[in-house]
Amino acid sequence: MKRIMVTGALGQIGSELTLFLRKHYGTDHVLATDIRNNSLEVVRSGPFEMLDVMDGKSFVKAASDFQADTIIHLAALLSAVAEGNPLLAWQMNMGSLLNALETARLLKAKFFTPSSIAVFGPPAPKKMTPQASILRPVTMYGINKVSGELLADYYFLKYGVDTRGLRFPGLISHATKPGGGTTDYAVEIFYDAIQKGRYTCYLQEGTSIDMMYMPDALQAIIQLLEVDSQQLKHRNAYNVTGMSFTPKELANEIQKYLPDFSLDYRIDPVRQSIADSWPDQIDASTAKQEWGFTTQYNLEKMTKDMLEKLTVKLMQS
Ligand code: NAD
């Protein structure tokens, strides 16, 4: 892994992953791409190119001009956005994945794309959902992610492309706001707690979902990309998680630092029904066994760190 190309690099994951990779492998070794441009550090700190991942020819050209040996494909429409426009979500999420996999095949590059806990639907066990569970999602995003895992498996089996992927839960971070997922509340709540002292949550107080703090997610991506291919039996679909909590439990934790913080609820039926179709808590033991997945942050540590970092950021802005 010496020359890494990242798509969707200005999003919630990409904006931090790109900088993390540049620190790890060298600034000039990581090409960031996105359909939009901005003045953030990702664009200023190293190679950046505008790329629409739906344009297969431009995808291959950007990757081969850069001589990429690794493709990290992040550009996608997330769960709540996908549910609002299912046809566009299918076209974007599946079309861009095919372009990304084809590029990896042509360049003989290693390949990583995130899957999601959205692959599980109502028939999967809600608690400690095993790695190998029935996958019958009822959301367009979940259907895209199951199809994506299968397509990535196919490119490995048929063409020998070294594909890898993680089933991420909701990701919590302070650098870039999330892009329209069902778990966005777990980031928004911190902004509102600091700035307004109250938050109105769109999920019910007892809705339990898996989450992970961004530093653990970045570490897991690098760890999975670097592990010997022979070790990977579930290469495109590892369950990973850092914690599982409800909105009420998160609010209680925030109140330890901001005692006057208050939470109320105005339920969004679309996001609530997406959340209800997902597990409460998944089992990440296969990732631990196959390549040593670990996390540093639980609910307590994550909350403390988020409040500290976000308070500094909001004071500076
Ligand atoms: P995001 O919405 O924050 O960012 C996506 C980026 O893709 C944006 O910068 C957007 O400009 C770009 N993009 C959109 N359309 C594009 C196009 N046609 N061409 C090029 N770029 C385009 O998403 P994210 O949270 O960073 O997620 C990245 C990946 O991780 C996705 O596959 C997502 O499904 C997956 N994932 C995310 C989470 C999470 O909580 N953030 C959880 C599980 C899985």
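Read on for an overview of the structure.

Summing up its helical and strand segments, the chain has twelve helices and 16 strands in all. A globule of 317 residues ought to have a C-alpha radius of gyration of about 20 Å, and the chain, at 19 Å, matches this closely. Seen through its C-alpha atoms, the chain measures out along the principal axes to roughly 55 × 45 × 40 Å. Here the chain, with 317 residues, has 55% of them falling under the buried criterion. By element, 53% of the accessible surface of the chain is carried by carbon and sulfur atoms, the whole surface being about 13,600 Å². Once the 32 positive and 34 negative side-chain charges of the chain are each reduced to a mean point, those two points are 3 Å apart.

Looking now at the environment of H174. With respect to the helices and strands, H174 occurs in the loop between β10 (170–172) and α7 (185–195). The contacts of H174, once residues within four sequence positions are left out, are E16, Y191, Y213, M306, K309, L310 and K313.

What follows concerns the nonpolar core. Residues I172, Y185, F190, F245, L250 and M302 are the most contacted members of the largest nonpolar core, which totals 64 residues. Looking at which domains feed residues into this core, each of domain 1 (4–168) and domain 2 (171–211 + 242–316) supplies at least three. Excluding residues within four positions of it along the chain, L250 makes contact with Y185, A186, I189, F190, F245, L299, M302 and T303. Core analysis: the second largest hydrophobic core is formed by 36 residues, L74, M212, I222 and A287 among them.

Rules behind the numbers
Residues numbered from 1 in each chain as written. Predicted model: local features only at pLDDT ≥ 70, side-chain atom pairs only at ≥ 80, totals over all residues. Heavy atoms only, no water. Helix = DSSP H or I, 4+ residues; strand = E, 2+ residues; numbered from the N terminus. Rg over C-alpha atoms; globule rule 2.2 N^0.38 Å. Buried < 20%, exposed > 50% of the residue type's maximum accessible area, 1.4 Å probe, protein only. Areas by Shrake-Rupley, 256 points an atom, 1.4 Å probe, with all protein chains shown as cover. Lys, Arg positive; Asp, Glu negative; His and termini not counted. Charge placed at Lys NZ, Arg CZ, Asp CG, Glu CD. Contact = heavy atoms within 4.5 Å. Core = buried A, V, L, I, M, F, W, Y, C linked by side-chain atoms within 4.5 Å. Domains from an automatic or database assignment.

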